[in-house]
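Residue-level structure breakdown
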Amino acid sequence: MLKRSLTVLLVPAFASAVLSAPELSPIHQPTLTPQNSGTTNGLIAVWPVNPQVVWASGRDGTFTVTTDGGQTWRAGVVPGAEALQFRDVQAFSASVAYLLSIGVSGDPTDFRIYKTEDGGATWTIQFENQNPNAFYDGFAFWTPHRGIAHSDSANGVFPDLRTTDGTTWQDISKNMPPALPGEFSFASSGTCVTTQGGRNAWIATGGATVARVLVTRDGGDNWNAYNTPLVSSLSAGAFTVDFRNPFDGIVGGGDLDPADPNNARTATSNDGGQTWTLTNPPPVTGAIFGLSYVGKTGGGAGHHHGRAVVITANDGGAAWTPDEGNTWFTLPGVSGYWAVAFASPKAGWLVGTEGRILKISF
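All values reported here derive from a predicted model rather than from experimental measurement.

Quick word on the sheet that holds strand E22 (residues 290–293)
The 4 strands lie next to each other as E22-E23-E24-E25, forming an open sheet whose pairing is antiparallel. Strands with a single pairing partner mark the edges of an open sheet, and in this sheet they are E22 and strand E25 (329–330).

Printed below as a string of structure tokens:
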């Protein structure tokens with residue numbers, strides 16, 4: 001139960017930037033534009049389909065969607081999920097989206113996967129957990145029909161799931177590497193698991209003596225586990241991971257213990273997650289709840305922003321780096337945001353407490 005309570009702890013105010021903007025004059029701060037999400041319920045996860053269509057999800061069974069880049073948002077509550085928290089969302093159009101829920105009652109069936117195919121007018125439960133030791137933290141998809149869902153370890157194994165038809169979910173726990181004692185992931189923004197290309201996926205973990213990244217190259221058939229240099233303990237680990245291509249990625253984490261707020265760190269990999277190197281410390285405290293590359297393609301519009309990353313550390317502040325963690329800039333006054341994601345360098349979104357949404361444009 002320790003992890004369940006820790007995931008809602010707040011972390012202290014953020015520290016000053018490693019390098020301030022005036023010291024690097026060619027760097028321009030992004031534009032931040034508040035938007036009205038249509039709800040005051042806390043938002044935990046966000047998924048831009050494209051610069052116009054974006055979905056977000058959060059507490060009290062809430063989802064919200066925009067089809068005009070955030071000028072207007074339409075919020076709703078999934079019937080029967082009013083007491084649940086949607087810790088992850090992934091969408092493929094204005095019509096098709098998935099939600100992953102956790103509960104606060106201790107009922108294992110509170111962990112569910114919902115899908116809509118009509119823009120949120122109706123929702124179908126695709127999965128309802130029966131394992132009393134499972135705790136599903138997030139999911140990620142390669143296509144509208146192929147995805148994986150990740151759980152904390154239960155009795156030494158990860159009871160992870162996979163869909164290959166967008167409708168039914170199968171147990172792939174036998175494919176997963178053995179779990180370390182106490183190993184789990186953080187349901188802080190739905191980004192403890194990420195996919196790239198057609199078959200690559202990465203999962204960030206904590207809770208054990210070492211924070212690891214689990215990697216598959218074949219769509220979840222086989223996995224390997226690799227150590228990271230991030231702090232790990234009962235309240236610490238790797239929270240969030242993203243890759244901009246099959247080889248280059250970044251992982252972020254920290255410690256939820258308010259007595260030890262100065263372990264927020266990021267590390268990068270250039271070999272697909274096998275080895276990780278700490279970056280310069282980012283100017284945030286507590287734990288990095290979410291991060292996202294600004295441009296993942298490395299070409300075209302994303303080329304200039306290929307190594308740029310935005311991180312958010314809930315009440316520990318938020319920051320961005322143009323060069324994968326060599327230099328950092330704070331996002332002034334941005335605090336209490338749980339998740340960040342980009343459709344393009346001009347169209348990113350931060351979501352957080354009290355239904356707040358910020359559009360971020362570089």
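Next comes the rest of the write-up.
Details of the packing of aromatic side chains
Evaluation of the coordinates by the stated rule reveals 21 aromatic pairs. Between Phe239 and Phe289, the ring centres sit 5.9 Å apart and the planes meet at 15°, which makes this aromatic pair stacked. Residue Phe239 is located in strand E18 (residues 236–243), and its partner Phe289 is located in the loop between strand E21 (277–278) and E22; the two are separated by 50 residues in the primary sequence. The exposure classification of Phe239 matches that of Phe289, with both residues buried. In this structure an aromatic cluster arises from ring pairing among Phe92, Tyr98, Phe139, Phe141 and Trp169.

Examining the environment of Asp110
One can find Asp110 in the loop between strand E7 (97–102) and strand E8 (112–116). Residues Asp110 and Ser235 lie 125 residues apart in sequence; the distance between their C-alpha atoms is 23 Å.

Re the sheet that holds strand E2 (residues 43–48)
Pairing between the strands of a sheet is mediated by backbone hydrogen bonds and can be parallel or antiparallel. The strand order across the open sheet formed by 4 strands is E2-E3-E4-E5, and the pairing between neighbours is antiparallel. With one partner strand each, in any of the chains shown, E2 and strand E5 (74–77) form the two edges of the open sheet. Shown here is a sheet whose adjacent strand axes are inclined to one another by a mean of 20°, direction ignored. In this structure, E2 lies alongside strand E3 (residues 54–58), joined through 5 bridges in antiparallel fashion. By the bridge assignment, Leu43 is partnered in E3 with Gly58.

Digging into the pattern of salt bridges
Summed over the entire model, instances satisfying the criterion amount to 7 salt bridges. In this structure, the salt-bridge partner of Arg112 is Glu128, at a minimum N-O distance of 3.4 Å. On the criterion of sequence distance, the pair formed by Arg112 in strand E8 and Glu128 in strand E9 (residues 124–128) is long-range, its members being 16 residues apart. For Arg112, a relative accessible area of 13% gives the class buried. Glu128 gets classed as partly exposed once you look at its relative accessible area, which sits at 34%. A salt bridge links Glu324 to Arg307, with the shortest nitrogen-to-oxygen separation between them at 3.0 Å.

Observations concerning the confidence of the model for the chain
For the chain, mean pLDDT is 91; residues scoring 70 or higher make up 90% of the total. Confidence over residues 1–25 falls short of pLDDT 50; this stretch has 68 contacts with residues more than four positions distant or in other chains. Per-residue pLDDT stays below 50 along residues 297–303; that stretch engages in 6 contacts with residues further than four places along the chain or on separate chains.

Quick notes on the environment of Leu256
Take Leu256: it is sitting in the loop between strand E19 (249–255) and strand E20 (265–269). Overall, Leu256 belongs to the buried group, its relative accessible area being 0%. Separated by 30 residues in sequence, Leu256 and Gly286 place their C-alpha atoms 5.8 Å apart.

Remarks on the side chain of Thr116
Tracing the backbone through its elements, the reader meets Thr116 in strand E8. A distance of 2.9 Å separates a polar side-chain atom of Thr116 from the backbone nitrogen of Gly120. At 2.8 Å, the side chain of Thr116 and the backbone oxygen of Thr122 are in polar contact. Discounting chain neighbours no more than four positions away, the residues touching Thr116 are Trp55, Ser95, Val96, Ala97, Ala121, Thr122 and Trp123.

Details of the pairing of strand E4 (residues 62–66)
In terms of residue burial, E4 counts as a mostly covered element, since 5 of its 5 residues are buried. Residues of E4 alternate between two faces, with Thr62, Thr64 and Thr66 on one and Phe63 and Val65 on the opposite face, all of them buried. Note: E3 against E4, 4 bridges, orientation antiparallel. By the bridge assignment, Ser57 is partnered in E4 with Phe63. Two successive antiparallel strands, E3 and E4, enclose a turn made up of 3 residues, where Asp60 displays a positive phi of approximately 55°. With 4 bridges connecting them, E4 and E5 associate as antiparallel partners.

What counts, and at which threshold
- Residues numbered from 1 in each chain as written.
- Predicted model: local features only at pLDDT ≥ 70, side-chain atom pairs only at ≥ 80, totals over all residues.
- Heavy atoms only, no water.
- Pairing = 2+ DSSP bridges.
- Helix = DSSP H or I, 4+ residues; strand = E, 2+ residues; numbered from the N terminus.
- Phe/Tyr/Trp six-rings, centres within 6.5 Å; stacked < 30°, edge-to-face > 60°.
- Buried < 20%, exposed > 50% of the residue type's maximum accessible area, 1.4 Å probe, protein only.
- Axes fitted to C-alpha atoms, helices over the stretch in contact; angles between N-to-C directions.
- Salt bridge = Lys/Arg side-chain N within 4 Å of Asp/Glu carboxyl O.
- pLDDT = per-residue confidence, 0-100.
- Contact = heavy atoms within 4.5 Å.
- Polar contact = N/O pair within 3.5 Å; in protein donor to acceptor, adjacent residues only side chain to side chain.

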